[in-house]
Amino acid sequence: DQQVKQNSPSLSVQEGRISILNCDYTNSMFDYFLWYKKYPAEGPTFLISISSIKDKNEDGRFTVFLNKSAKHLSLHIVPSQPGDSAVYFCAALSQGGSEKLVFGKGTKLTVNP
Amino acid sequence: DVKVTQSSRYLVKRTGEKVFLECVQDMDHENMFWYRQDPGLGLRLIYFSYDVKMKEKGDIPEGYSVSREKKERFSLILESASTNQTSMYLCASSYPHGSDTQYFGPGTRLTVL
């Protein structure tokens with residue numbers, strides 16, 4: 001049973017435009033969400049996170065939005081750059097629970113020059 | 001700067017061999033994790049450890065065991081490698097709380113023939 005879903009395996013956008021990566025979750029106990037970015041042949045690196053007490057968190061070109069009622073979060077990258085081309089993983093955890101991260105399957109973003 | 005290192009970037013083994021994957025972190029992190037990444041399946045947790053000599057099963061522990069004799073080192077053991085264990089193996093470490101960022105190593109691409 002997949003608790004964190006990234007329904008788009010891939011996304012292609014033009015340089016300078018907005019990239020929107022989506023993530024849905026089913027476990028209502030999740031209260032902390034993270035995005036990781038992974039380049040080929042490297043380990044994932046932390047990008048941005050959001051607690052369930054917020055609905056938005058911004059860090060430079062990256063913004064994460066959380067809609068708790070819809071159990072949906074999204075990562076916006078504006079403007080997109082070719083160096084953003086990578087696989088993006090959404091992850092969630094329940095801080096009062098096992099505290100293990102549950103990852104989605106990832107979305108491969110390609111930013112075309 | 002946090003550093004998580006893994007003993008090998010690429011490894012080729014034969015079916016039935018015993019395989020050791022080593023991971024070392026230099027940040028005095030309490031938590032250490034082993035994941036495998038497969039196309040279309042994302043990151044799946046094999047085992048994690050929250051202290052020396054402590055371990056907990058993740059989502060897919062079958063066919064694997066782990067060892068944590070020292071705080072900085074976490075080993076993943078494939079007792080008898082099988083072809084379905086061909087994968088990218090990723091080690092991560094973090095401070096104790098689930099919301100703390102996990103820092104990943106570069107990964108070991110294991111091929112079992």
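For chain B, the helix and strand inventory stands at zero helices and eleven strands. Along chain B, from the amino end to the carboxyl end, the secondary structure elements read β-β-β-β-β-β-β-β-β-β-β. The C-alpha atoms of chain B give 13 Å as radius of gyration, which agrees with the globular expectation for 113 residues (13 Å, within 12%). Seen along its three principal axes, the alpha-carbon backbone of chain B occupies a region of about 35 × 30 × 25 Å. Across chain B, every contact between residues at least 6 apart in sequence was considered, and the portion connecting residues at least 24 apart equals 55%. Split by element, the accessible area of chain B, about 5,400 Å² in all, is 49% carbon and sulfur. Charged side chains in chain B number 15 positive and 15 negative. The centres of these two groups are separated by 7 Å.

Moving on to the pairing of strand β8 (residues 72-77) of chain A. Residues and elements named next belong to chain A. With five of six residues buried, β8 is to be regarded as a mostly interior element. Both strand β3 (residues 19-25) and β8 contribute to a ladder of six bridges, which runs antiparallel. If you follow S19 over to β8, its bridge partner there is I77. By the bridge criterion, six bridges tie strand β7 (residues 62-67) to β8 in an arrangement that is antiparallel. Paired with L66 across the bridge in β8 is L73.

Let's shift gears to the sheet that holds strand β1 (residues 4-6) of chain B. Residue and element names in this part refer to chain B. Taken in spatial order, the four strands line up as β1-β3-β8-β7 in an open sheet, and their pairing is antiparallel. Either end of the sheet is taken by a strand with one partner, and the two such strands are β1 and β7 (64-70). Here the strands of the sheet are splayed against their neighbours by 20° on average, with no regard to which way each runs. Here β1 pairs with strand β3 (residues 19-25) via three bridges, running antiparallel. Bridge pairing in β3 places V4 opposite Q25.

A few words on the nonpolar core. Residues and elements named next belong to chain A. Of all hydrophobic cores here, the largest spans 23 residues; its most connected members are F33, W35, L73, L75 and Y88. Secondary-structure elements contributing two or more residues to this core are β3, β4 (32-38), β5 (45-51), β7, β8, β9 (86-93) and β11 (107-112). Top element by residues in this core is β9. It accounts for four residues. Beyond its immediate sequence surroundings of up to four residues, F33 is in contact with Y25, I48, S49, I50, L66, L73, A91 and A92.

What counts and how
Throughout, a residue's number is its position along its own chain's written sequence, starting from 1. For this description, chains carry letters from A and ligands carry numbers from 1, given in the order in which they are written. Since the coordinates come from a predicted model, pLDDT governs what is reported: local features require at least 70, and pairs of side-chain atoms require 80 or more to be given and counted, while whole-chain, interface and lining totals use all residues. With hydrogens and water set aside, each side-chain value is computed from the structure's full complement of heavy atoms. Put simply, DSSP marks the helices as runs of H or I at least four residues long and the strands as runs of E at least two long, and each gets a number from the N terminus on. Radius of gyration here uses only the C-alpha atoms, and the compact-globule reference equals 2.2 Å multiplied by the residue count raised to the power 0.38. It only takes one pair of heavy atoms within 4.5 Å for two residues to be counted as in contact. Surface exposure here means Shrake-Rupley accessible area, sampled with a 1.4 Å probe, where a residue is shielded only by the protein chains that are shown. This count recognises Lys and Arg as positive and Asp and Glu as negative, with His and chain-terminal groups excluded. We put the charge of a Lys on NZ, of an Arg on CZ, of an Asp on CG and of a Glu on CD. Using a 1.4 Å probe on the protein chains alone, a residue whose accessible area is under 20% of its type maximum counts as buried, one over 50% counts as exposed, and one in between counts as partly exposed. Pairing between two strands is assigned when DSSP locates at least 2 bridges connecting them. The convention used is that axes are lines fitted to C-alpha atoms, helices contributing only their stretch in contact, and that angles between N-to-C directions extend from 0 to 180 degrees. Among buried residues, those of type Ala, Val, Leu, Ile, Met, Phe, Trp, Tyr and Cys that are joined through side-chain atoms within 4.5 Å constitute a nonpolar core.

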